[in-house]
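# Architecture at a glance
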Amino acid sequence: MRILLVEDNAKLAAGMAAVLSAGGFQVDRVADGTDAEAALASTPFDLVVLDLSLPGMDGLDVLKNLRDRRLDVPVLIVTARGDLNDRVRGLDLGADDYLTKPFAVEELRARAAALIRRGAGRARPTIEFAGLTLDVTANTLVHAGAPIEISPRELAVLRVMLMSKSDVVPKAQIAKSLSTFDLDVSDNAVEQTISRLRKRLGGFGIAIRAARGMGYFLMAQEQGGAG
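From a predicted model like this one, the values you see are computed outputs, not experimental measurements.

A word on helix 8 (residues 187–202). Taking 1.5 Å as the rise per residue, helix 8 with 16 residues should run 22 Å; its terminal C-alpha atoms sit 22 Å apart, in good agreement. Residues of helix 8 that are buried include every one of A189, V190, T193, I194, L197 and L201, and no others. The buried residues of helix 8 all sit within an arc of 130° when viewed along its axis, so they share a single face. Summarising the contacts, the buried residues of helix 8 are in contact with strand 7 (132–135), helix 6 (152–163), helix 7 (171–178), strand 11 (206–211) and strand 12 (215–220).

Next up on the list: the sheet that holds strand 11. The strand order across the open sheet formed by three strands is 10-12-11, and the pairing between neighbours is antiparallel. The open sheet terminates on both sides in strands that have one partner only, identified here as strand 10 (169–170) and strand 11. In this structure, strand 11 lies alongside strand 12, joined through six bridges in antiparallel fashion. By the bridge assignment, A210 is partnered in strand 12 with Y216. Sitting on the sheet, helix 6 is in contact with strand 10, strand 11 and strand 12, with an inclination near 80° to strand 12. On top of the sheet, helix 8 reaches strand 11 and strand 12; it is set at about 145° to strand 11, its chief contact.

Below, the discussion takes up the confidence of the model for the protein. Chain-level statistics for the protein give a pLDDT mean of 86 and a share of 91% at 70 or above. Note that residues 223–227 has pLDDT below 50 and, in this model, eight contacts with residues that lie over four places away or in other chains.

At a closest axis distance of 9 Å, the pairing of helix 6 and helix 7 adopts a crossing angle of 135°. Classified by the interaxial angle, the pair formed by helix 6 and helix 7 is oblique. Judged by the sense of rotation from one axis to the other, the crossing of helix 6 with helix 7 is right-handed. Together, R153, A156, V157 and V160 of helix 6 and Q173, I174, S177 and L178 of helix 7 make up the contact between the two elements. Here the contact of helix 6 with helix 7 is composed, by residue class, of five nonpolar, two polar and one charged.

Right, let's get into the sheet that holds strand 2 (residues 26–30). Strand order across the open sheet formed by five strands is 2-1-3-4-5, with parallel pairing between neighbours. Among the strands making up the open sheet, the edge pair consists of strand 2 and strand 5 (97–100). Adjacent strand axes in the sheet meet at a mean angle of 20° when their direction is disregarded. Sheet analysis places strand 1 (residues 2–6) next to strand 3 (residues 47–50), joined by four bridges and oriented parallel. Its bridge partner lying in strand 3, V6 is registered against L50.

What counts, and at which threshold
- Residues numbered from 1 in each chain as written.
- Predicted model: local features only at pLDDT ≥ 70, side-chain atom pairs only at ≥ 80, totals over all residues.
- Heavy atoms only, no water.
- Helix = DSSP H or I, 4+ residues; strand = E, 2+ residues; numbered from the N terminus.
- Expected span 1.5 Å × (residues − 1).
- Buried < 20%, exposed > 50% of the residue type's maximum accessible area, 1.4 Å probe, protein only.
- Arc of directions from axis to C-beta.
- Contact = heavy atoms within 4.5 Å.
- Pairing = 2+ DSSP bridges.
- Axes fitted to C-alpha atoms, helices over the stretch in contact; angles between N-to-C directions.
- pLDDT = per-residue confidence, 0-100.
- Parallel < 35°, antiparallel > 145°, perpendicular 65-115°, else oblique.
- Left-handed = near helix turned anticlockwise from the far one by under 90°.
- Nonpolar A, V, L, I, M, F, W, Y, C, P; charged D, E, K, R; others polar.

Pasting the structure below:
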């Protein structure tokens, strides 16, 4: 079971990760909302443990964007913001549970396990585009019901493009989808992955177009012509 831990306090994040890892979970850590969104766009998780007071992007905005993209992953908010309005808004936006700091480590582990068990029974969300179907939980891709063999790097890029709320996905966002959350990815690596993915999708009538100076977007070739 894989957990995304979004917490900007490095010492606290290390302690929470140790507690969750001791419970048998694999934990990926990010420290701000932007990196959280990149991780969620490129990797399937069984649970998100989300702080609210994050640099750059508030945790509630991360939660809203996550639900807007139809990601059904369980979310446990863990924050020092114990105001009733914050709790209500978090639950209204789609959080599954709320834990106020300070908390007992046993409670964190127990709530995480309960949410993952509950989430295992949910229907898996999918995204469809021009005959492609991406299972965003299992990270599998099919076309017209037939599985597509695709590398993890290519799938990570396709996932972020399919899940983006805008048509054009910035190159920087694609780079984050290829990173290990703390390592930069060169422009050349992005372009090589895009090139391989473009060739793979071309056989299914789907093109990847470049928006000069902005990024890339998907297009069904029957709508815009091949090339």
